[in-house]
There are 8 protein chains.
Amino acid sequence: MTQPYVRLNKDDAAVLLVDHQAGLLSLVRDIDPDTFRNNILALADLARYFQLPTVLTTSFETGPNGPLMSELKETFPDAPYIARPGQINAWDNGEFVQAIKATGKKQLIIAGIVTEVCVAFPTLSALEEGYEVFVVTDASGTFNAFTRDSAWQRMAAAGAQLMTWFGVACELHRDWRNDVEGLGTLFANHIPDYRNLMNSFASMQAAK
Amino acid sequence: MTQPYVRLNKDDAAVLLVDHQAGLLSLVRDIDPDTFRNNILALADLARYFQLPTVLTTSFETGPNGPLMSELKETFPDAPYIARPGQINAWDNGEFVQAIKATGKKQLIIAGIVTEVCVAFPTLSALEEGYEVFVVTDASGTFNAFTRDSAWQRMAAAGAQLMTWFGVACELHRDWRNDVEGLGTLFANHIPDYRNLMNSFASMQAAK
Amino acid sequence: MTQPYVRLNKDDAAVLLVDHQAGLLSLVRDIDPDTFRNNILALADLARYFQLPTVLTTSFETGPNGPLMSELKETFPDAPYIARPGQINAWDNGEFVQAIKATGKKQLIIAGIVTEVCVAFPTLSALEEGYEVFVVTDASGTFNAFTRDSAWQRMAAAGAQLMTWFGVACELHRDWRNDVEGLGTLFANHIPDYRNLMNSFASMQAAK
Amino acid sequence: MTQPYVRLNKDDAAVLLVDHQAGLLSLVRDIDPDTFRNNILALADLARYFQLPTVLTTSFETGPNGPLMSELKETFPDAPYIARPGQINAWDNGEFVQAIKATGKKQLIIAGIVTEVCVAFPTLSALEEGYEVFVVTDASGTFNAFTRDSAWQRMAAAGAQLMTWFGVACELHRDWRNDVEGLGTLFANHIPDYRNLMNSFASMQAAK
Amino acid sequence: MTQPYVRLNKDDAAVLLVDHQAGLLSLVRDIDPDTFRNNILALADLARYFQLPTVLTTSFETGPNGPLMSELKETFPDAPYIARPGQINAWDNGEFVQAIKATGKKQLIIAGIVTEVCVAFPTLSALEEGYEVFVVTDASGTFNAFTRDSAWQRMAAAGAQLMTWFGVACELHRDWRNDVEGLGTLFANHIPDYRNLMNSFASMQAAK
Amino acid sequence: MTQPYVRLNKDDAAVLLVDHQAGLLSLVRDIDPDTFRNNILALADLARYFQLPTVLTTSFETGPNGPLMSELKETFPDAPYIARPGQINAWDNGEFVQAIKATGKKQLIIAGIVTEVCVAFPTLSALEEGYEVFVVTDASGTFNAFTRDSAWQRMAAAGAQLMTWFGVACELHRDWRNDVEGLGTLFANHIPDYRNLMNSFASMQAAK
Amino acid sequence: MTQPYVRLNKDDAAVLLVDHQAGLLSLVRDIDPDTFRNNILALADLARYFQLPTVLTTSFETGPNGPLMSELKETFPDAPYIARPGQINAWDNGEFVQAIKATGKKQLIIAGIVTEVCVAFPTLSALEEGYEVFVVTDASGTFNAFTRDSAWQRMAAAGAQLMTWFGVACELHRDWRNDVEGLGTLFANHIPDYRNLMNSFASMQAAK
Amino acid sequence: MTQPYVRLNKDDAAVLLVDHQAGLLSLVRDIDPDTFRNNILALADLARYFQLPTVLTTSFETGPNGPLMSELKETFPDAPYIARPGQINAWDNGEFVQAIKATGKKQLIIAGIVTEVCVAFPTLSALEEGYEVFVVTDASGTFNAFTRDSAWQRMAAAGAQLMTWFGVACELHRDWRNDVEGLGTLFANHIPDYRNLMNSFASMQAAK
């Protein structure tokens, strides 16, 4: 009667970054811009860190929606990059779906702008086709909390698991001993409070 | 165990606007009045744009509840208009249900005032009769967030899909190429941030 | 897969008011005190208006929890009144359950202080025994929104329907024509915005 | 020891609209975009309604800051329009100050984006030169409430009077009898709640 | 350099209630309607309790602004009642000013709708004429907190003292021994938390 | 179709306190630090009061995460204490699971830092293995409300019951008569409002 | 034109604790109860730590207002304790003023319940008599933020300096070298985040 | 009667960064950590960009307060750096004041942790000695908004000007033509929304 524990596994997972474009970013008002930017970059960094196959897509990037965030292009220079000619639900774009299938993964970690469209639509489509979908809620944004809450409800009811980038990183890493420094660096670069803890710790270690 | 992806289809959908009346609007306090008014008009505009059959209904419009928003009358001059003589749940009014059945559609997009009554009651009734119901949460309003959250929970538990007008428009349109200018105009008229993006873009295009 | 529409029916419903005591009221901080008091009294008034059998219960009323709100005693002078000697879950008190069974109703409308205990526990027990339970969320209060949200989730997952007093009144009344003045008076007495609408309307009628 | 009542007078007042540009609008996050857009247009409409001399200025409008809101250009086709070549404080631009002096007014009603720079700097400069300055706080926007509150404090300490567009309109109009319909139309066009009141009233008048 | 302590004195004070009308009440969104209604009635009750001369005024009460709250009329059947024919600033109405002067008081306690106009304008005018003005902020309301904060700043800068009805009552009463029961009743009727304290206390006293 | 009422039973329950460490506490920003600290200590006190077997665990306590809150060590000097060498999901640590199994309990009451990782992961694992899991939401904390809400959704969808420490205590105690003073002391020590009620009551009792 | 820097000096300062009573505490809703209780106790602890003469006073402590917080009585067993027979403004009580004068101090640190009455009135009176007054805003509470903001404005305009207990402690201590351990203990006991820092630090020191 | 416009001048200004230490950062809860970190770094970058003499100071950096943010040390390798041995008010440290005097500047731009102590105390001291002080409110942080608001009031009353880093940068730069690229880069690096505008603009320029 309840959903089983579907656990992220780094060998089974791919990342989909949908429409993180300069123009669309200005529509996002359910999360502070500094925090939102940081969350998107954190998700990108973790995708690279765990070497997850990543698919990029944009909508009308030569129009008002603007270009993809330049950092994403730089982080994933070789990733499939589908500039959709018009499909609003990225899943309606065959090239995009093909790129996902080519990864051979069954777990999809997805984020994008705006939540109720660019994230929710492909999430619902992917669930329908049997994928396990993990929505990175804090790397996805939309017009207001009102809209976001409705979108979360719709995706969750369809079986999506709502997570945030930190939870994704932790669930993928499993054990700090796999690489203490690597994960620590990821956290220090994107969580100021964690960076502070590490700096205080390092400072005291040095003082010994 | 989870809900399937029921996707809005412009050939299958009708719009129900329930009790957007001048007096009742003054009861709405879970959303800012400028934003709420804009959302209602956006929903009306998208209904017309996609040529969805639309049904209007009011409750006691000659009493304190006041007249229907004049813009709705003007947008849908030929739509069925049921001034209910007393039924609180519009679905209890045979004429209203008849008007819906006459559309021949199985997907109902609904919004109204107040959320937990004028929206929730017909939503629950329609679901019971097998319709697919999409609640436009941001074109529906009520006394406070406390009340709204309870109402959303009740409708979602019964199988309603919570959406907002922007998501509805995108899910209906499917592909920008179906009509770039039409959808763009709809967005520009109701999303100031999107209008700004388009104006900046147009300004640069003109400068070339 | 989803919950059916269980609709309140005035012939099937009873009201349970659990621990609305002077001392416990001071613990409630998830809702403004003026609004909370108004909501409780509105629920009491509607119970009387619809002549719903009502059961009152208190916990340790001679100790710090304090006496029942005097207005409730006055509104329901003949209602069963169970001053529980110690049971925290009112459903563990045989006299309370007996009073409910004596009403012969299968729909229970419940409110109380605090939400996650005095409301949630008997709600879960009643659901387990097959009752249809309607929680009046805005006539129930607790320490903070954090706690309330957890409690709502628990009750909803178990099948309770979350409503507010206004929705309860509307679902019970069904049709304004059953008694326009009676319902209007109930609303005017507990919804300042509605009272204003009625006063403006009456003023204009008088001016004709 | 306290500030005297300096009252707006329609014969003494001019309006300054500073940098309401498409790009800069996307920086504003201390006020909802629907509301903010409405407030700016309301201020423009009142300036025209009261026939106040109005001065428009922009900063780098051919760059990322984007073009002036098109509605402002349309509302004030003959107003002085100073596209500043670089001065951040508009008061540092001789042409802007000259345009203000040319109005012959001593009361300046100012709004712009962003509050702590484009509004605060010319406000402080104008106060220093002896003008009476009225900041229209709700037609001015900035990054966040933190920033806005600091800016308001700085301007108020220097003697600026903080007002909103509705207060400005009322203080200029003085007496409804000067033109009931004109002011009513202005309010109906920009205050949904007021529009509702007027519609309910008109509806009842018509019903007589 | 700082303002002296001007203390309310029941022999020196009059109360001005400006435009608490049914229609205008629907514009107020910076305070919850239940709380706002309670605060206005509390201010009225204290004015009567302390036998302060009270002046009522309305704006266009036969139009959309609607009639004065009926409770105010009932509480002050013999008070001067000035239905202004058009003046927005009540102080521009000679009859209103005359009624104030006729009280012979130098301390004015004022509240009304909306704060930045109906309260702020006569406040500034009264201060200019040498009155000591006490704004009852919680019995005054307006469109939003943005607007209210600007209005408070403007009035305070001009020398008004911002108070709330409870503070006014306490400063007027000076000493509980002047009438314990009277003041206690006023508080119990308008402060649910205080009512609870009194009820618990009385319950225990009775139990002795 | 809905979840059954699984009721906490003091003979069936164990408590898991996961990573309440000095460094990690500084990451928690979805709850006020005074309140959070109080909630954790309240949960610890109730575990001891009901003599529930309790398991403590930490993550990297000699690094930046810092030592376990000293009060927890003092409250449970003999409890199993597993300083995990690296596993992020405590359930991946055999010693931790062994300690839980050794308690022989089937109901797990869990809290920790951060909610979406240290609480959610073992919660999901324990549910998968058939335990009944009760998440103490107010003794668990994380980066922000955004993250928390996602985590709550994920755990609830998997069948976890969301509770708070007060609800846990009440559900375990069942009946005040089991020990009025003990439970009263627990509440007085951790709920200032309840302490006040008790002090007022005691003061009046003494005055008799 | 601006206020001079009047700096707290431990040889010149006395502390006034006004009406921190069990019943009145339940009226306070502009600050979380856990935090508020902690702030009051922190202020008491710092008064004792700096050996500042302290004056306690209560209002009607044998009635609904309830007894003084027991911790305050215990912290200051020998302090003057004035149970006022009726005066609302404590400064109207000769014994209270006498106790203050007997301290021989010119700087008064004041906190109490409720802010706009029990704090504001004696603050305004003391300023009028030439004392330097420092209001401890976070150890004072009232009905809501609306009320508090008005009260702060009134006191600040009259020359009171608004501080919080932490600022008071720091300004009195001047230099950590006067007593590192004493001040550190005060902070650790009342600032969970600071306690965490100290615990992490101590843990690492021990690990050397 | 009002404060004159004291305008920042890059030839007259120095920057003071007080106690931005890793441990103290964990105390800051009145501003989001991502945003706060960004603001501090933006202030540091602008200080370097405008080549303003900058003074760094810390409090007990070898204890729990932790080391200075490493980025500040790196940005200002040659700046005076005063590790205070104990003085809480940095102005009480002769070396710190000496470093300020050595800059020869009369305008002090100050930020630090925590606002009401490490910022407010030296601000008040500097004002007393005749400096013009500009508090960078968004690069300063403290425990909560309650505390911050009190601190802002105290500093503003003493004559400090409350600004934010963006306003400081704009007031110092005066005219974009002084260096378009330099200022644009500063904004792009610290204002995501501005970065987006620039990227969209650049993208279109490239497309020509």
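All residue numbers refer to position in the chain's written sequence, counted from 1. Numbering of ligands from 1 and lettering of chains from A proceed in the order in which they are written. Restriction of local features to residues with pLDDT of at least 70 applies here, the model being predicted, together with a cutoff of 80 or more for giving and counting side-chain atom pairs; totals for whole chains, interfaces and linings are based on all residues. Working from all heavy atoms in the structure, the side-chain values ignore hydrogens and water.

- Under an unreviewed UniProt entry, chain A has the name Hydrolase and belongs to Thioalkalivibrio denitrificans.

What to know about the relation of the copies chain E and chain C
Now for step 1: For this overlay, a least-squares fit was computed on C-alpha atoms, restricted to residues scoring pLDDT of at least 70 in both copies. With an RMSD of 0.0 Å, the fit of chain E onto chain C corresponds to turning through 180 degrees and sliding 0.0 Å along the axis. Accordingly, the operation relating the two chain copies is best matched by a two-fold axis. Relative to the rotation axis, the C-alpha of Asp34(E) is the closest in chain E, positioned 3.1 Å from it.

Some remarks on the interface of chain B and chain A
When the parts of a complex come together, some accessible area is lost, and that lost area is often used as the size of the interface.
Now for step 1: Any two residues whose heavy atoms approach within 4.5 Å are treated as being in contact. Taken residue by residue, the interface counts 37 residues in chain B and 38 residues in chain A.
Now for step 2: A combined buried area of about 3000 Å² lies between chain B and chain A, and 63% of that area is made up of carbon and sulfur atoms.
Now for step 3: Only runs of H or I of at least four residues qualify as helices and only runs of E of at least two qualify as strands under DSSP, and these elements are numbered from the N terminus. Of all the secondary-structure elements, those providing two or more residues to the side of chain B that touches chain A are α6 (145-157), β6 (161-163), α7 (165-173), α8 (180-190) and α9 (192-207) of chain B. What counts as buried area is the accessible surface, traced by a 1.4 Å probe, that two parts surrender upon association, with contributions from both included.

Some words on the state of the cysteines
Now for step 1: A pair of cysteine sulfur atoms is labelled a disulfide when the two atoms are within 2.5 Å. In this structure the tally under the stated criterion is zero disulfides over all chains.
Now for step 2: Here Cys118(A) stays free of any disulfide, with the sulfur of Cys170(B) as its closest cysteine sulfur at 7.1 Å.
Now for step 3: Only protein chains enter the calculation, and the probe is 1.4 Å; a residue is then buried if its accessible area is under 20% of its type maximum, exposed if over 50%, and partly exposed in between. With a relative accessible area of 10%, Cys118(A) lands in the buried category.

A closer look at the sheet that holds strand β5 (residues 132-136) of chain F
Residue and element names in this part refer to chain F.
Now for step 1: One bridge is not enough; two strands pair if DSSP finds at least two bridges between them. Taken together, the six strands give an open sheet; going across it, the order is β3-β2-β1-β4-β5-β6, and neighbouring strands pair in parallel fashion. Here the strands that pair on one side only, and so sit at the sheet edges, are β3 (81-84) and β6 (161-163). Shown here is a sheet whose adjacent strand axes are inclined to one another by a mean of 25 degrees, direction ignored.
Now for step 2: Of the pairings in the sheet, the one linking strand β2 (residues 54-59) to β3 comprises four bridges and is parallel in character. Looking at the pairing, Thr58 lines up with Ala83 of β3. Fitted lines through C-alpha atoms give the axes, limited to the stretch in contact for helices. The angle between two N-to-C directions lies from 0 to 180 degrees.

Focus on the relation of the copies chain B and chain A
In this structure, two copies of a chain are linked by a rotation about an axis accompanied by a shift along it.
Now for step 1: With an RMSD of 0.0 Å, the fit of chain B onto chain A corresponds to turning through 90 degrees and sliding 0.0 Å along the axis. Look at the turn and shift together and you get a four-fold axis relating the two.
Now for step 2: The residues that chain B uses at the interface reappear at the interface of chain A in only 8% of cases, marking distinct surfaces.

Digging into the domain arrangement of chain A
Residue and element names in this part refer to chain A.
Now for step 1: Examined at the domain level, chain A breaks down into domain 1 (13-174) and domain 2 (178-208).
Now for step 2: An automatic or database domain assignment is the source of the domain bounds shown. For domain 1 and domain 2, the distance between their C-alpha centroids amounts to 28 Å.
Now for step 3: Taken together, the contacts link 13 residues of domain 1 with nine residues of domain 2.
Now for step 4: A combined buried area of about 900 Å² lies between domain 1 and domain 2, and 68% of that area is made up of carbon and sulfur atoms.
Now for step 5: Ranking the residues of domain 1 by area buried against domain 2 places Tyr49, Trp165 and His173 at the top, with a combined share of 51%.
Now for step 6: Between Lys or Arg on one side and Asp or Glu on the other, a salt bridge is scored when a side-chain nitrogen of the former is within 4 Å of a carboxyl oxygen of the latter. Scanning the region where domain 1 abuts domain 2 turns up zero salt bridges.
Now for step 7: Nitrogen and oxygen atoms within 3.5 Å of one another constitute a polar contact, given that in protein one can donate a hydrogen and the other can accept it, and given that sequence-neighbouring residues count only through two side-chain atoms. Scanning the region where domain 1 abuts domain 2 turns up five residue pairs in polar contact (both at pLDDT 80 or more).
Now for step 8: Mapped by element, the contributors of at least two residues to the side of domain 1 that touches domain 2 are α2 (33-49) and α7 (165-173).

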